[in-house]
Every structure is written in C-alpha cells, then in structure tokens.
Amino acid sequence: MRWGLIGASRIASSYVIDAIRAQADCDILSVLSSNASRGASFAADHGIVDSYTDLDALLTDPSVDAVYISTTNDKHHAQAMAAIAAGKHVLCEKPLAMTLAEANEMVRSAEEKGVVFATNHHLRNAGSHLAIQDLIANGRIGKVLSARVFHAVNLPEHLRGWRINDAAAGGGVIPDITVHDADTIRFHLSEDPVDVIAKSGSSGLGEGVEDSVMSVWSMPSGAMVQTHESFTHGYAGTGIEFHGTKGSIFARNVMTQEPVGEIRLVDAQGEAAISYEKHNLYHRAFGLFVQAVAGRGRPSADGVDGVKSLAVALAVREAAKSGNATRVDYGGF
Ligand code: NDP
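Residues numbered from 1 in each chain as written. Predicted model: local features only at pLDDT ≥ 70, side-chain atom pairs only at ≥ 80, totals over all residues. Heavy atoms only, no water.

(A) Summary view of the sheet that holds strand E13 (residues 262-267). The sheet built from nine strands is open, its strands ordered E14-E13-E12-E11-E7-E10-E9-E8-E15 with mixed pairing. Edge positions in the sheet fall to strand E14 (270-274) and strand E15 (326-327), since each of these pairs with one other strand and no more. Of the pairings in the sheet, the one linking E13 to E14 comprises five bridges and is antiparallel in character. By the bridge assignment, Val266 is partnered in E14 with Glu271. Packed on one face of the sheet, helix H6 (residues 127-137) meets strand E7 (144-152), strand E11 (239-244), strand E12 (247-252), E13 and E14 and runs near 15° to E13. Packing of helix H10 (residues 303-322) onto the sheet brings it into contact with strand E8 (195-201), strand E9 (212-218) and E15, and relative to E8 it is tilted by some 65°. (Pairing = 2+ DSSP bridges. Helix = DSSP H or I, 4+ residues; strand = E, 2+ residues; numbered from the N terminus. Contact = heavy atoms within 4.5 Å. Axes fitted to C-alpha atoms, helices over the stretch in contact; angles between N-to-C directions.)

(B) How the structure looks around the site of the ligand. Taken together, 25 residues sit near the ligand, with Ser33, Ser34, Arg38, Asn73 and Tyr282 positioned nearest. At 2.6 Å from an oxygen atom of the ligand is found a side-chain nitrogen or oxygen belonging to Ser34. Arg163 has a polar side-chain atom sitting 2.9 Å from an oxygen atom of the ligand. In isolation the ligand has 890 Å² of accessible area, and contact with the protein removes 82% of it. (Near = heavy atom within 4 Å. Polar contact = N/O pair within 3.5 Å; in protein donor to acceptor, adjacent residues only side chain to side chain. Areas by Shrake-Rupley, 256 points an atom, 1.4 Å probe, with all protein chains shown as cover.)

(C) Structural context of the environment of Ile69. Considering the arrangement of structural elements, one finds Ile69 in strand E4 (residues 66-69). In this structure, the C-alpha to C-alpha distance between Ile69 and Thr119, residues 50 residues apart in sequence, is 9.7 Å. In contact with Ile69, other than residues within four places in its own chain, are Ile6, His76, Gln79, Ala80, Val90, Leu91, Cys92 and Glu93.

(D) Focus on the packing of H6 against helix H8 (residues 173-189). Between H6 and H8, the least distance of the axes is 8 Å, while the angle of their chain directions is 40°. The pairing of H6 with H8 is recorded here as oblique in orientation. Contact residues: His129, Leu130, Ile132, Gln133 and Ile136 in H6; Thr184, Phe187 and His188 in H8. Here the residues of the contact of H6 with H8 are counted per class, giving four nonpolar, four polar and no charged. (Parallel < 35°, antiparallel > 145°, perpendicular 65-115°, else oblique. Nonpolar A, V, L, I, M, F, W, Y, C, P; charged D, E, K, R; others polar.)

Written out as structure tokens, the structure is:
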C-alpha cells in the first residue's frame, strides 16, 4: 500500500511514519505541507521522495492508495473530503472535524465511495486497554457501576502552539484529550454516553481555549463516568479505573502513547497484578487499517467511532459553556 501524508506534523514524524513503515509492503510516497520549504525538509528528513503544497497534486497521483491526515483539526474535513473524492482510503487524526455535521459527511462519503475510513484513536490499541477490556467483557468486575479517567498531563513545551491559543485551528484540551477519553470509555463499556455535565477553564496555558476540564457522563446501562483532562498538571499521572459489583480495576500510567503502565484487579479474592502484551500502539492501529483495506476485518477505530468521540467532546464543551446537562447528539449514528 502506497501512502501520502497530508500534514508535515509532529505526530507523523514521531510515531506514524515508523508505524506505516513497520507494515509489510507499505511505502510513503509523498507529503503535503502548506509551506514548501518545511515540506521539502520534512520529506528529506524522512526519506520521502515527493513533497507538495497542492493537495490536488498529491491526490491525483494514481500510485497513492491511502492518505494519513494529521494537519490541525480545522483542516481535516476539507482534506478528507478531497481524498475520498479521489478514491483514496483515509486514516484521519482525531478529532475528525470541528463539527458533527462535517464528521458525519466524511464518514458517509467514504461509505458511498467504498473507501476505508478510520480514526486514529491510539489508546484502544494499547495492550493495557485490550487487557482491561478483556477483564470487563469477561465479567471479572461484574456489572460496571462507574469509571474514572485521569488524563491531566503537562503539555510538553514543543506542543504549546495552536493547541493552547488557536480556537479556529481546533485548539483546547477537549478536542485534544477528552475526545480520546470518549473513545476509550466507549471501547471499554461498549455503549455511548447519553448526557454530560462539565466545568472547564484555563489554569495557566489556555488563551481563548480551555486547558482543563472535568465532566460526568451518564451511560445507558446506568454506569457513571467521571473524567479529568488538562494540559497543566505536571505531576498528576494518568490512569483509568472501573468499579463493578464484583471488583475494581485500577490502571495507572496507561493514558499514553507508549506501551507502559500497570493494571491491578481487586476483588473478593484479593489483589492481583494483570500482565499484558506491550506492543507499539501505532503499529497495531496501522496494521489493522492495512488489513481492512485488504478486505480483512475492520480498522481499530473506524469513522463512526470518530464521529461518536467527537460528539461526546462537543457535548462536554457545550455543557461546560452552558452549565447545563447536555444530551450527546450523535447525528443519526
Ligand atoms: P503539529 O503542530 O505538529 O502539526 C500540525 C500542522 O502544523 C502541520 O500540518 C504543519 O502544517 C504545521 N506545523 C508543524 N510543524 C510546524 C512548525 N515547526 N512551524 C509551523 N507550522 C508547523 O501537530 P500535531 O502533530 O501535534 O497534531 C496534528 C494532528 O494530529 C491533530 O489533529 C492532533 O489532534 C492529532 N494528534 C493525534 C495524536 C494521536 O495519538 N492520535 C497525537 C498527537 C496529535 P503543514 O502540514 O501545512 O506543514
């Protein structure tokens, strides 16, 4: 499979180029950047032959089978729509778009065109999260009563650009991190939040966008979910907990891009450390996408997963703004 990269981004250089090249028979042919010299140096640094500033030029190359979109969030929709129209398979970064209508349109258009469309939610590919999902699905904690997500981190200095000061580009901790937590909770509980309440604010970094948020979600099963996302917490550590009628799962340092973290199961038998396979999260996500394009299985997170995680994030933002409980609108999905 031959790929074009739409966006000369950090996530592409730090994780995704390696993940694509880790797949058998995958090659990266080209990269798109809005800046010719940045695109050329990105291409040279990563051994990519072609760099373009014109999206159509990248998309009209018939050798490109699939594109990976990792521009700022405001650009995903138009670029994905153009790629779908050109018949390319699309793996798009989260959040899929700025609005639910745009994300819906991307997913429906890909369906109509018959191309594979996926969302890069890396966390559900982690061995830790696969192990947690397995514990829950196998009834090890009984009926799930509640979940708590700890995802307040210190945004690294080199990422303190559009994420903290550019609402129009899609900045803010809600589109950046809450969207991942929404996907992770949906993955573990196999159900979609019904409504949410939330408070957000700036605690030192956000300029015109929130850098911190706490929210509570109700699930159709009756389970309650509590989340905390932030860019300003240097020492909080990340984690996720699930509490059920027969036991509790405590996972620490698992809301991360790396295959790390510890899981403990506590139940009537006592406390046990849960071991799991520590593979590269992005290698797994891109491997499943390549398989899906070959007609084998589905991507780790598909387009509908991306629509739903965005829907939850938008509801959290709306609830924080209005101060009211907000029903999550999935736009028909
Ligand atoms: P970057 O800020 O690195 O890149 C976004 C855009 O900014 C690029 O497309 C590029 O534009 C431009 N840019 C990059 N470097 C520079 C620079 N030095 N000077 C000026 N402009 C620059 O963003 P991220 O890689 O952090 O995020 C990109 C997307 O990926 C977002 O949608 C984000 O939500 C998502 N993401 C997902 C992660 C995941 O694990 N799923 C993790 C991190 C991000 P151009 O292409 O025009 O050159």
